[in-house]
Structure formats: structure tokens, C-alpha cells
Amino acid sequence: MSTTMKTSLGLSGVMFLIAVAAWIYQLKEGLILTNMQNSYSWGLYISGLAFFVGNAAGGLVLTSSIYLFGVKKLKPLAKIGALTAFANVTAAMLIVLPDIGRPLRLYNLLLHPNFMSPLVWDVIVLNLYAVASAVYLYILMLPELTGRLDWLAIKVDDPRAFSDRWARRIAPVALLFAIGIHVVTAWIFSTQGARDWWFSPVMAPDFVAVAIAVGTTVVLVAAALAYGTGEAYQEAYRTLGLIIFIATGIHLFLMANDLAIHAWYGNAETQRILAIAWGRYGLAHAFEVAAPLFGAWLLMRPQVLGSLPRLLLSAGLLVAGVFVHRFLIMPAAYTNIPMTLTPLGLPDSHWSLPIASGRLLPGMSTFIDQYAYFPSLVEMVILLGIMAYMVLVVLLAVIKLPILHKERI
Amino acid sequence: MKMGMVIDLEKCIGCRSCMVACKQHNSQPPETWWNRVFTPGSHRHLTPPAKGVEFFLPVHCQHCENAPCEKVCPVGATFKAADGAVLIDYERCIGCRYCMSACPYGVRQFNWEDPATAHLRSEYQDHYRYGYPEEHRHDGRLVYAPQRPKGIVEKCTFCAQYRDKGELPACVRACPGKARTVGDLDDPASEVSRMIVAGNAFTLLPEKGTKPTVFYLPPKAKEV
């Protein structure tokens, strides 16, 4: 094992353990350790859910490319795609846990599920996708489960043919769940008529577009780290770069389309939302547009794909932009109070009814009509720890399982 | 039977007695208010936003017929009683706060920490406790507890603990101007039904399609 590998393993392991400790601390004290309050009821954790769900799309892109569109040159990357999908979809489920006030009662999801709730659909589809990714990865690895891993292998006559046949069969099912996780996660937000920022039919297709962009980037990074940027892989990388750029373009188009329509109509509610999205968070908005666009453009260039540091920097730019995009799901929905009205006799006024914060906020009134949220240290530590978990799962799998191809193609 | 409430804004003097009665009777933790009364258009209560314009707006759970909070609850902890009141089962709520996000009226409140700790933090007198002292179950489900569990969501129950004994909600009893009336919306002859028809009643945020069972009668213009 190389020193870099050892350091990465150690670092991500420690970060994950610190996050577990922070979560235990939060379990004891309550969600008072976060910076959320009643009128800002979801924050970094739920942004994290959307982020990890998007990252999990790598499996989707590769299986559909290979088995539906016949892009054979991507086949060596199929296992990495399934692995990053599994690591990210389980991270998505983990990051929800610290957001739950009473996690020990989660068994109620099994005993009393309310099938009207998009959250229940999301739990179902995330679990199905996690299982599908794991099974798919197993099927792809089967021919190489020999020697010390022999005990893991199911006994079939011709493992290679079996693997190929079943990968082909599972691919469409996995694809269905894969699209499902993005659509249903978007629906959690876009079904909320109370929040005009989210109540838009464009959210689900946009989630799919973002996911294809960032999920493919995650696969590209993992592949470049594992196989390097040699000539043998350039063709596959260029295909990935093209997918990333097209998906980023579609995402930016969908987002701009939504904003433009709202801005044009210009009612009071929308003006309030845009004052947050383009005003107070204007710089962050500029970054969420420019970083993925520039990053995706760089990832199409041969000079970038041929150099590991450049590739990592460009991919980092794109992923950072998407992360900010995920963070920005919340502010324009929560900064202002949803209950607004034009008081009788004051046709020009647009007034919010304050909400009790539910927690003592020094220097602030109990009743809040606007709140600027920034995550607390505990929230950040837990999110970083779940990112570390995701890296840890990928690294351990690469070490222990036949994920990587021994021979270069 | 469909429980409903009519609030006559002409009779509301903005005294906030209903707020205080609600807070006390339902033993709400510090910084938690199920019921709030404000002066629309003004940043300061009881201060007219413009000359000649002043009325007061009490808002609590609207006990919607098409309640988004009930639909989004993943475990069915938020449920409708037979009379249409929207209640929360304190023993089933997992604290995901999806309902708080889905409610357009912002009436739902979360227990960010143990209420006992919150009492200390807000410098309440030691061992000072207020409110209806016993737990209350409706259809076997815990819908009120004087000591709230940490990490669950709560809100107005139309005072389930009193209504189940045939008594009126605390806010109705506390209003010195008798601005609040409760009754059966299904019965066209009931007082609330007649007030709704005769008084040009309106609901809050009708465009959200939530169909509240709390109605308001518009105030007349105030004398300058």
C-alpha cells in the first residue's frame, strides 16, 4: 500500500470518527447545536442529501452508456461507476440521520409508512438504488472473485458469461432506480406549495441534469486517480468530459429558464425570492453558475484530461460549484417567512407574519421575520465526516475487492 | 361534525390574551408560541403601519382540510381527528421537520433541545412549570404532554385536552372581546356557519389550496 493511500485512509477514517462523535454529542444536546430554527427548518444536512444523491449518478451514466447506447470503451470504468454510486447513495442516507430529531424512532417508517409522503418514496428508492448498485457491482466483479475471495463467489459454470448476462439484465432496473433517486429527491422540495422557490416542475429534470454532470465527474476523478491519465484511457475520459459538459449546459439552461420566467412576471413574492437568490446570495449564485460551466469546459480539453493535477482541479471546481448550488436550495426558500399578505388598506405593502424561533437566539427577538442561516461547526464537521465516509468506502473497496483492472487497456 | 373557528377581526383589540392563554395552558417551552397576534403591515405590534390603518391578526394552526403537513409526514404522526382537527402524535414523530417546511402558515414549532434545558437557558425560575398538568390521549395517541420530548414537532391542537371534555379552547375562553367562535362547519345553522355567510368571511392564503377551517371576518376601517 502506498503512503498516499495510507494517509488518505487514515485521514478519512479519523474525519468519519470525529463526525460520529459530533453526532453523538448532538443526539445528547439536541438540534440546538445546529444553526437552524423554526423558520429555517432544514439546512446543511438536507443540502448534503441533495449533494450526495447527485454524486451517486455515476452508476447511471456508465450503465446506460455501456448497455443502452453501446459505448464499449467505458466498460473498464463500469465497476468504478457502480462503486461511487453505492458510496454516495449510502452517504446520502447517512447525512439524513443527524437531521432527524428522534432517530431511534425511525422504525416508524417501517411500522407506519405514509405513502403520500415523498420522503417515504425517497427512502424506498434510495434503498433500492443502494441494493441495486451493490448487486450490480458484485455481478461485475464475479469473474475475478477467485483466490482469497473465492468464498464470496456464487458457483456458476461460466462466471464471465454469467456476469455479462446478468449485468445486462440488471442495468435497466438499476437505471430506473437511479433516475428515481433524483426525481423523488427533487419532489421532496418541488411538491411544497408553501415555498415558491421550490414549487416548480423544472426541479426534477434539473436534478437529473446536475446529477449526470457531477456523478460523471466523480467517476472521472476516481478513474484518473486509479488508472492515471495515460493515452489508453483518453478516449473514455473524453467521452465522460463530453457527457459532463452537455449535462452542465442542460442544468444551467433549466435553472436560468426557471429564474427568467419568474423574474419576468415579477410579482411581489418572486421579487422577494430573487432579492435573496440574486441579491444577498448574488456572489454564491455567480459561483454556482460560473464554476460548473468553466469546470465542465476545462474537462473537455485534451490538455486537462491528460494531466492529473489539471483534471483534479477542474473537477474540483465543478464539484464545488454544484455543492454551492445544493447549499443554495435553502436560503431563498427559508430566509423569508412564507406567510405573507397584503394588509387590508395597504395595497402597496407586502408583509410577513413573524414566526417564533423555538430557541433562544441571543440578540434577536423571539419572533423572526427574516433569518440568515450559516451552518454551525457541528453541522460542518458532520457533513465533512460523511464526505470522508464516502471516500473511505471507495478506498477500502479498491483495496479489498477486484475493482480495478489489473492490465491496462 | 367538522370543527371550525371564526375570528372576528373587528372585535380583536390586539391584547394578545389568547397568545398568553395558549402558551400557558399548553405549557409551551420558552421561545415557542403556537398562537401569535401581530399588526399587519407594521414591524411593531399595536403600532399603526399608516394613519387610520390598524387591525390585528391572530394566527395559529389553520387545521386545513387539505393539510400539506399531514400529507408530507413520513410516519403519519400528524393525523386528522374525527372532527377535522389536525393533531400530532408526540410518541410517533421522528422530528424530520418536513411538516414545518410544508406549512405555509409557519405554525409548527420544533423542540430544538430538552424543554427543561430551555427553561434554564431562558432563565425561568427553578422548577416553575405551567400549563395543563396531565398527558392527554386522543384515540389512544399522545397529543399533549406537559413535558415535551426533545426533538419532536408541536403546534396548536385546538386544545384537544379541553375539547375532549366538552370545554372550549383556551384562546376562545381567554378573549375579552369574544372575537373567537368555534362550532360545526357541517351544520349550516351553526353560529360559525351563519357568521361565515353573513360576515364575508375569508381564509388565509386561499391561493395555496389548503382549505383552512379557521375563518376570519374582515375588520371595518378604523376611525382616525
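Residues numbered from 1 in each chain as written. Chains lettered and ligands numbered in written order. Predicted model: local features only at pLDDT ≥ 70, side-chain atom pairs only at ≥ 80, totals over all residues.

### What to know about the overall build of chain B
Summing up its helical and strand segments, chain B has 7 helices and 11 strands in all. Its C-alpha radius of gyration of 17 Å places chain B within 12% of the 17 Å reference for a compact globule of 224 residues. For chain B, the share of sequence-separated contacts (at least 6 apart) that also reach a separation of at least 24 residues comes to 64%. (Helix = DSSP H or I, 4+ residues; strand = E, 2+ residues; numbered from the N terminus. Rg over C-alpha atoms; globule rule 2.2 N^0.38 Å. Contact = placed C-beta atoms within 7 Å.)

### What about the sheet that holds strand S1 (residues 3-8) of chain B?
Strand pairing in a sheet relies on backbone hydrogen bonds. The paired strands run either parallel or antiparallel. All names here are of chain B. As summarised here, the arrangement of the 3 strands in space is S10-S1-S11, forming an open sheet in which the pairing is mixed. Two strands in the sheet have a free side with no partner beyond their single neighbour: strand S10 (180-184) and strand S11 (214-217). On average, adjacent strands in this sheet sit at an angle of 25° to one another, irrespective of strand direction. In this structure, S1 lies alongside S11, joined through 4 bridges in parallel fashion. Each residue of the ladder has a partner; that of aspartate 8, found in S11, is leucine 217. Docked against the sheet, helix H7 (residues 191-198) engages S1, S10 and S11, running at close to 115° with respect to S10. (Pairing = 2+ DSSP bridges. Axes fitted to C-alpha atoms, helices over the stretch in contact; angles between N-to-C directions.)

### Quick word on the environment of threonine 4 of chain A
By the element assignment, threonine 4 of chain A lies in helix H1 (residues 3-29). Each C-alpha atom, one on threonine 4 of chain A and one on leucine 346 of chain A, is 66 Å from the other, the two residues being 342 residues apart in sequence.

### Here's the deal with the packing of H1 of chain A against helix H15 (residues 377-400) of chain A
All names here are of chain A. Look at H1 against H15: their axes get within 7 Å of each other, and the N-to-C directions meet at 140°. Put simply, H1 runs oblique to H15. Between H1 and H15 lies a crossing whose hand is left-handed. Tallied by class, the residues present in the contact of H1 with H15 amount to 19 nonpolar, 5 polar and no charged. (Parallel < 35°, antiparallel > 145°, perpendicular 65-115°, else oblique. Left-handed = near helix turned anticlockwise from the far one by under 90°. Nonpolar A, V, L, I, M, F, W, Y, C, P; charged D, E, K, R; others polar.)

### Notes on the interface of chain B and chain A
In this complex, chain B contributes 49 residues to the contact, which on the side of chain A involves 48 residues. Only strand S2 (36-38), helix H2 (68-72), helix H3 (98-102) and strand S6 (109-110) of chain B provide two or more residues apiece to the side of chain B that touches chain A. Class assignment of the residues belonging to the side of chain B that touches chain A gives a composition of 29 nonpolar, 10 polar and 10 charged.

### Focus on the nonpolar core
Core analysis: the largest hydrophobic core is formed by 200 residues, its most contacted members being Ile95, Ile181 and Ile386 of chain A. Ranked by residues supplied to this core, first place goes to helix H8 (residues 203-227) of chain A with 16 residues. (Core = buried A, V, L, I, M, F, W, Y, C linked by C-beta atoms within 7 Å. Buried ≥ 20, exposed ≤ 12 C-beta atoms within 10 Å, placed from the backbone.)

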